[in-house]
Amino acid sequence: QVQLTESGGGLVQAGGSLRLSCAGSGRTFSSYRMGWFRQAPGKEREFVAGINWLGRGTNYADSVKGRFTISRDNAKNTVYLQMNSLKPEDTAVYYCNVLSQWPSTPSDHWGQGTQVTVSS
């Protein structure tokens, strides 16, 4: 099972940008389809973006299309989420995870996540 560690969260004003990183362990990282998810206070965890093994296929939730970009660097065992034009409703804990099923089904193992707070 790959171990995942998220980083890059923080406090940003509306309209600003952040880049999240997800570092994975293990030599088989490139064999996993990966996704980003988020959970806002009092809400269910939701899918944000997914990327396939080589990064040539991506998928986004409608709420982030055109603002967020998912990418990966398999040489560094890292997946990124570039978030632009942030809105207060993007405030949540963000998690990366292996996609057990394309396009948006996560595995059962979650990391600690990274907090993103967008002020208005």
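Given the structure is predicted, the values throughout are model-derived calculations rather than measurements. (Residues numbered from 1 in each chain as written. Predicted model: local features only at pLDDT ≥ 70, side-chain atom pairs only at ≥ 80, totals over all residues. Heavy atoms only, no water.)

Overview of the pattern of salt bridges
Our working rule: Salt bridges, as used here, are contacts in which a Lys or Arg side-chain nitrogen is within 4 Å of a carboxyl oxygen on Asp or Glu. Note on exposure labels: buried denotes an accessible area under 20% of the residue type's maximum, exposed denotes more than 50%, and partly exposed covers the range between, all computed with a 1.4 Å probe on protein chains only.
Counted according to the given criterion, the structure contains 4 salt bridges. The partner of Arg38 in a salt bridge is Glu46, with the nearest N and O atoms 2.6 Å apart. When its relative accessible area of 35% is taken as the criterion, Glu46 is described as partly exposed. In this structure, the salt-bridge partner of Asp62 is Lys65, at a minimum N-O distance of 3.2 Å. Overlapping salt bridges bring together Arg38, Glu46, Arg67 and Asp90 as one network.

Comments concerning the nonpolar core
We count it as follows: Buried residues of nine kinds, namely Ala, Val, Leu, Ile, Met, Phe, Trp, Tyr and Cys, make up a nonpolar core once their side-chain atoms join them within 4.5 Å. Runs of H or I in DSSP of at least four residues are treated as helices and runs of E of at least two as strands, each being numbered from the N terminus. In what follows, a contact means two residues having at least one pair of non-hydrogen atoms within 4.5 Å.
Counting 31 residues, the largest nonpolar core has Trp36, Leu81, Met83 and Tyr94 as its most contacted members. Broken down by secondary-structure element, the contributors of at least two residues to this core are β3 (18-24), β4 (34-39), β5 (46-51), β7 (68-73), β8 (78-83), β9 (92-101) and β11 (114-119). Sorting elements by how many residues they give to this core places β9 first, with 5 residues. Excluding anything up to four places from it in sequence, Tyr94 contacts Glu6, Leu20, Trp36, Phe37, Arg38, Val48, Phe68, Leu81, Met83, Gly113, Thr114 and Val116.

So, the packing of aromatic side chains
In plain terms, the rule: Here a Phe, Tyr or Trp ring, Trp counted by its six-membered ring, pairs with any other such ring whose centre lies within 6.5 Å, and the pair is stacked when the planes are under 30 degrees apart, edge-to-face when over 60, and tilted otherwise. Any Lys NZ or Arg CZ that is within 6 Å of a ring centre and within 35 degrees of that ring's normal is treated as a charge sitting over the ring.
A complete count under the given rule lists 3 aromatic pairs for this structure. Their ring planes at 90° and their centres at 5.3 Å tell us that Phe37 and Trp110 sit as a pair that is edge-to-face. Pair noted here: Phe37 is in strand β4 and Trp110 is in the loop between β10 (105-106) and β11, with a separation of 73 residues, a long-range link. The exposure class assigned to Trp110 is partly exposed, which follows from its relative accessible area of 31%. Aromatic pair Tyr95 and Trp110: ring centres 5.7 Å apart, planes at 75°, arrangement edge-to-face. Here Trp110 lies in the loop between β10 and β11 and Tyr95 lies in strand β9, a separation of 15 residues in the sequence. On the basis of relative accessibility, which here comes to 10%, the residue Tyr95 falls in the buried class. In this arrangement the basic side chain of Arg45 is found over the ring face of Tyr95, its NZ or CZ atom lying 4.2 Å from the centre. Lying across the ring of Trp110, Arg45 places its NZ or CZ 3.9 Å from the centre.

What to know about the sheet that holds strand β1 (residues 4-7)
To keep things clear, this is the line we draw: At least two bridges found by DSSP between two strands is the condition for calling them paired. Orientation is described by axes fitted as lines to C-alpha atoms, over the contacting stretch for helices, and by angles from 0 to 180 degrees between their N-to-C directions.
The 4 strands lie next to each other as β1-β3-β8-β7, forming an open sheet whose pairing is antiparallel. Of all strands in the sheet, those bounded by a partner on one side alone are β1 and β7. Between one strand axis and the next, the sheet turns through 15° on average, direction left out of account. Strand direction decides the pairing type here: β7 and β8, joined by 6 bridges, are antiparallel. In the sheet register, Phe68 faces β8, and the bridge partner there is Met83.

Observations regarding unusual backbone geometry
Here Trp102 and Pro103 are connected by a cis peptide whose omega angle stands at 15°. Mapping Pro103 onto the fold places it in the loop between β9 and β10. If you check the backbone angles, Asn77 has positive phi at about 50° while not being a glycine. Looking at the secondary structure, you find Asn77 in the loop between β7 and β8. By relative accessible area, Asn77 is classed as buried at 17%. Backbone geometry places Ser85, a non-glycine residue, at a positive phi of 50°. Among the structural elements, Ser85 can be located in the loop between β8 and β9.

All we've got here are geometric facts, nothing functional implied.
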